[in-house]
Amino acid sequence: MDFGALFGSFDNFASFTMGGLVFGAIYALIALGYTMVYGVLQLINFAHSEVFMYGTFAVAWTFVLLHGTGDANWSLGKALPILLVALVAAMLASAAIALVLERVAYRPLINKNAPKLIALISAIGASFALSEAMGLRDRFAKWLGVDDNLANYVSPKKARDVYTNPVTIEPHKLFEVGGYNVTDVDLVIVLAALVMMFALDQFVRRTRFGRGIRAVAQDPESAALMGVNSTRVVQVTFLIGGLMAGVAATLYMMKIGATRQSAGFLLGVKAFTAAVMGGIGNLRGALLGGLVLGVMESWGAAIWGNEWRDVVAFILLVLILLVRPSGLLGEALGKARA
Amino acid sequence: MMAGMGSISARWDRVVDRYNAQPKIVKILWVTLLLVIAYAMPLLRPPIITTNSIDFGTVMFRVIAFALVALGLNIVIGYAGLLDLGYVGFYAVGAYTTAVLTVEHGSWPFFLALPLAIVVTMISGVILGAPTLRVRGDYLAIVTLGFGEIIRISVNNIEWVGAAAGIKNIPHPTGIGAKPEPPFKQGGLFEIPRLEWNGLVPSFDTEHKSAFLAFGSRDAVPYYWLILTVLILVLIGDRLVKASRVGRAWEATREDEDAAELMGVPTFKYKLMAFALGASIGGLSGSFYASSQAGYINPQSFPLLLSMLFVAAVIVGGSGNRWGAIAGGALVAYLPERFRDFADYRLLVFGLALTVLAVWRPEGLLPPRQTRRAKAAEAEIDALEEGDLEETPNV
């Protein structure tokens, strides 16, 4: 145990906190997908991690398409045009996967009024299949006879290996906080996450469609009687979750710059933890939960060593649930006031 | 499609009914026959069922080990209605306790370490359950999932239990009779030859005999017999507990916790009991896994995905029905092994199969009879409400 590593100097403390906030912001964006679906359907959308994973590949592929495979170190400003295209691509890819998921793995079960647990199994199956399909993309390309044309996208090495974004985005120092350099990449990630969360919060609270979502979350039957198209609402919920996962994927690729077919799993688990920690079904809770989780596990990693990072995250979850059994802000997608 | 599958459980019902109507002597004969077939399975090696690219005995051992885990998890998920996504944690605790006692920090014989492993997992179940069973439903799912990860990461980082390298040379269970000596002498009390199939023509394969009651690293069949016996014992215990006051308390808690509490069922106590009992069966299974043929465990043997597969086994089979859990466990363990020829695609196919099965048959393959009866009654009420009297509900 080494508390000095964290509290020894303000420099260290600020750097661990900032690092935690950056990851926390990404967790929070993924957590939105879990929390929205849970708020409306009371289902754990286990396959949401794959929605995110497809987004990360969309980002890397956009860079390969528009830049090529040559390795490059760019500043954020230089990468910005491609990054914006990649953002759109990732949002589209993730949203498409989320919608397919809803149509194939969930809607038949919702229509049959199936037990909640079986939707989890269906999602686990879909999660396996999606992740494996990405890991087998070289085989599929070979079947279709396009492996030569798509060689750069399928894989430089093996489809299961890490797939690196050719363009590394170099962070640049913006300003200093007590000896710690805040970089443009970190700032953009945290700000982008906050902006997206704010926009979504306003959408759910102020728009007609948001009212529909809240109505279905509160009482699906009454909502249906009042003329809310609940199938459409569920679809939009998945769509929003997918869009947010796409944003998270872009930010993740800015920071990490590499992905693989199994990249979604642990992040998905963490994001779900964040959603539960903040109060599942609660949008602001997802933000708070994500940031708290990110910062706490970063501090924990500083004190106990990086290998205990995930343990810190889960023990923190247990402790918070013991004190506040329904999360920090309580569960309340339906209760948000307009 | 629904009607086609519905007939599986209807047919299963008919089989059970017909069995119950038999005189006692016929019942005993049937059970004996089934037991003989079950025990002889890895020696019979029936064509089509048998696996080509991997030893069939090993596969059968895995199938039964999985069924045992599913049976334990069925108590937690199926009977008490608690979603446990970190069951692999208990499995790991059982395996590691056995490994630590028998080789890493002691030299206990396996059958002495086994009860202690069960007790340790049961205690870990209580330690995890006591604070977390007060939170409801899906929160429990994520907390247990965290527990599974904590166990895996901890054993990965703690030198005392071998860290990432794992624990090697875990001793096999003590056998009776001659010690098996590689490469040819098998030992045991006596030896049984297995069948060799040439197309559909069977013949005895005297080259590869399986030893009775001797456990070595060459042959998985003795382990299969051992774990099958354990499975049968657990099955009997499961039946007794389910039919007792405890079993009914679980059912009441699962269906409506508030109502059960109002009727005087101490729900927390019974939930904790289900959790601890389920955990101890997980530990039992883990203990056998540690001392099985390979005699080697490491943290990678207990990934979180395994927990998902356990849950899938219980729910695919029909949560709440012990035969369903066994069938589900067997399917989930067997299918990927049988289709190893498609090695790279097996997880993809497995994932698709899981989704298709869930969508196609939301109640599981063999749901408990009560669930189906309740569903039929609901359908009847719905039909009455809609004035749709001609349509008989399809169960």
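Residues numbered from 1 in each chain as written. Chains lettered and ligands numbered in written order. Predicted model: local features only at pLDDT ≥ 70, side-chain atom pairs only at ≥ 80, totals over all residues.

Engineer: I keep staring at the interface of chain B and chain A and nothing clicks. Help me out?
Structural biologist: Size of an interface: often given as the accessible area lost when the parts come together. On the chain A side, the residues contacting the 34 residues of chain B number 35 residues. Mapped onto the side of chain B that touches chain A, the elements with two or more residues apiece are α5 (110-132), α6 (137-157), α11 (304-317) and α13 (346-360) of chain B. Ranked by the residues each element gives to the side of chain B that touches chain A, the list is headed by α6(B), at 12 residues. Residues of the side of chain B that touches chain A, tallied by class, amount to 23 nonpolar, 7 polar and 4 charged. (Contact = placed C-beta atoms within 7 Å. Helix = DSSP H or I, 4+ residues; strand = E, 2+ residues; numbered from the N terminus. Nonpolar A, V, L, I, M, F, W, Y, C, P; charged D, E, K, R; others polar.)

Engineer: Explain the packing of helix α4 (residues 76-111) of chain A against helix α5 (residues 116-135) of chain A to me, please; I cannot follow it from the model alone.
Structural biologist: Angle between the axes and distance between the axes: these two values describe a pair of packed helices. All names here are of chain A. Two elements in contact, α4 and α5, have axes separated by 10 Å at closest approach and are oriented at 145 degrees. When the axes of α4 and α5 are compared, the crossing they make is right-handed. Judged by residue contacts, I97, L101, V104, A105, Y106 and L109 of α4 engage I118, A119, S122, A123, A126 and L130 from α5. Split by residue class, the contact of α4 with α5 holds 11 nonpolar, 1 polar and no charged. (Axes fitted to C-alpha atoms, helices over the stretch in contact; angles between N-to-C directions. Left-handed = near helix turned anticlockwise from the far one by under 90°.)

Engineer: Explain the nonpolar core to me, please; I cannot follow it from the model alone.
Structural biologist: One recurring pattern in soluble globular proteins is that nonpolar side chains are buried together. Counting 224 residues, the largest nonpolar core has A28(A), L29(A), A31(A), A248(A), A70(B), A274(B) and A312(B) as the members making the most contacts within it. Considering every element that reaches this core, the biggest residue donor is helix α3 (residues 56-79) of chain B, with 18 residues. Beyond its immediate stretch of four places on either side in the chain, A312(B) contacts I121(A), I124(A), V332(B) and L354(B). (Core = buried A, V, L, I, M, F, W, Y, C linked by C-beta atoms within 7 Å. Buried ≥ 20, exposed ≤ 12 C-beta atoms within 10 Å, placed from the backbone.)

Engineer: Sorry if this is basic, but what is going on with the packing of α4(A) against helix α11 (residues 230-255) of chain A here?
Structural biologist: Residue and element names in this part refer to chain A. Remark: α4 packs on α11, axes separated minimally by 7 Å, with the N-to-C direction vectors making an angle of 145 degrees. With respect to the hand of their crossing, α4 and α11 are arranged in right-handed fashion. Residues A86, L87, A90, M91, A93, S94, A95, I97, A98, L99, L101 and E102 of α4 touch α11, and the partners they reach there are V234, Q235, F238, L239, G241, G242, L243, A245, G246, V247, A249 and T250. Residue composition of the contact of α4 with α11, grouped by class: 17 nonpolar, 6 polar and 1 charged.

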